[in-house]
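Results of the structural survey
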Amino acid sequence: NLKRSVELVVGVGVTAAVDFALLEQIASSPRDVIRVDDFNALVRNLGRIIDQVCFQPAPQPVPVPPPAPVPIPGPAPQVCTSALDIALIIDSSGSINEVTVNWPTVIDFLIRLVNQFDIGVDRVNIGAVQFSDRENLEWTLDQYFDRDSMIQAIRRIRYLGGRTNLAGGLELANTQIFNARGDRPNVPNVALVITDGLPNERESETIPQATNLKRSV
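This report concerns the structure included in the present document. (Residues numbered from 1 in each chain as written. Predicted model: local features only at pLDDT ≥ 70, side-chain atom pairs only at ≥ 80, totals over all residues. Heavy atoms only, no water.)

All right, on to the overall build of the protein then. A count of helices and strands for the protein gives 7 helices and 6 strands. When the elements of the protein are put in sequence order from the N terminus, they spell out β-α-β-α-α-β-α-β-β-α-α-β-α. Residue pairs at least 24 apart in sequence account for 79% of intrachain contacts in the protein once pairs closer than 6 positions are excluded. With an accessible surface of roughly 10,500 Å², the protein has 52% of that area assigned to carbon and sulfur atoms. (Helix = DSSP H or I, 4+ residues; strand = E, 2+ residues; numbered from the N terminus. Contact = heavy atoms within 4.5 Å. Areas by Shrake-Rupley, 256 points an atom, 1.4 Å probe, with all protein chains shown as cover.)

Structure follows, in structure tokens:
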């Protein structure tokens, strides 16, 4: 075991088809669940999601610095500059494209999400898995250390379709992203689960796998 428990699990439920009672059990707490009406609303809720995911450890007292000089205009700072190890756990089941083709909207959202993090060796590291009736490791925490490379990796994610094996996605994140190479021992672990429906594969294992993820044992 490389690390203590996952500090934060955030659940994003898209559409009313989600079992929000279940998602509240998967997340760290009910307040860590974000309800989104439809896929187009993902981007509109990006700020809320970032606010939840950008885990801030308790601040330590620091001396008050002297007044800073007037800054020279430059690139806008990223929303989240905390050092974090983040697992994206992405629903890629058939319901995503069942009525409307929503997968391109999911990809657009993921790109916008990553753009809000300070990606780097000593800053935010992100790994990703997707799940349908099977689960797939897209990349690990130590694979991409710059935003452009990670955005290209997001664009290469291929939609799976099929049933919804959320338990498999949680298990894969716990074994191949956390508790694996690249998982830094002194950096908070944060998991972001994005789903639009009900688990219908390994349903009885969903809560146990969520518990394992939060314990990260």
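Burial runs high along strand 3 (residues 84–91): 8 of the 8 residues are buried. Here strand 3 shows no split at all, with Leu84, Ile86, Leu88 and Ile90 on one side and Asp85, Ala87, Ile89 and Asp91 on the other all buried. As defined by bridge partners, strand 3 adjoins strand 4 (residues 124–131) across 8 bridges and the pair is classed as parallel. Bridge pairing in strand 4 places Asp85 opposite Asn125. In the classification by handedness, the crossover that spans strand 3, the intervening helix 4 (residues 103–114) and the parallel strand 4 is right-handed. (Buried < 20%, exposed > 50% of the residue type's maximum accessible area, 1.4 Å probe, protein only. Pairing = 2+ DSSP bridges. Right-handed = clockwise from strand over helix to strand, strands pointing away.)

What follows covers the packing of aromatic side chains. Under the definition given, this model contains 2 aromatic pairs. With 5.5 Å between their ring centres and 45° between their planes, Trp103 and Tyr159 make a pair best called tilted. Pair noted here: Trp103 is in helix 4 and Tyr159 is in the loop between helix 5 (147–155) and helix 6 (166–177), with a separation of 56 residues, a long-range link. Centroid distance Trp139 to Tyr144: 5.8 Å. Interplanar angle 75°. Geometry classified as edge-to-face. For the pair shown, Trp139 and Tyr144 are each scored as buried. (Phe/Tyr/Trp six-rings, centres within 6.5 Å; stacked < 30°, edge-to-face > 60°.)

Let us now look at the sheet that holds strand 5 (residues 135–139). Note on sheets: strands pair through backbone hydrogen bonds, and any given pair is parallel or antiparallel. With respect to topology, 6 strands assemble into an open sheet ordered 2-1-6-3-4-5, the strand pairing being mixed. Each edge of the open sheet is held by one strand with a lone partner, namely strand 2 (33–36) and strand 5. Averaged over all pairs of adjacent strands, the angle between their axes in this sheet comes to 20°, without regard to strand direction. In this structure, strand 3 lies alongside strand 6 (residues 189–195), joined through 6 bridges in parallel fashion. Counted as the bridge partner of Leu88 is Leu192 from strand 6. Across the sheet, helix 3 (residues 46–53) touches strand 1 (8–14), strand 2, strand 3 and strand 6, and the angle it forms with strand 1 is around 160°. Its contacts with the sheet place helix 4 against strand 3, strand 4 and strand 6, and it is angled at close to 175° to strand 3. (Axes fitted to C-alpha atoms, helices over the stretch in contact; angles between N-to-C directions.)

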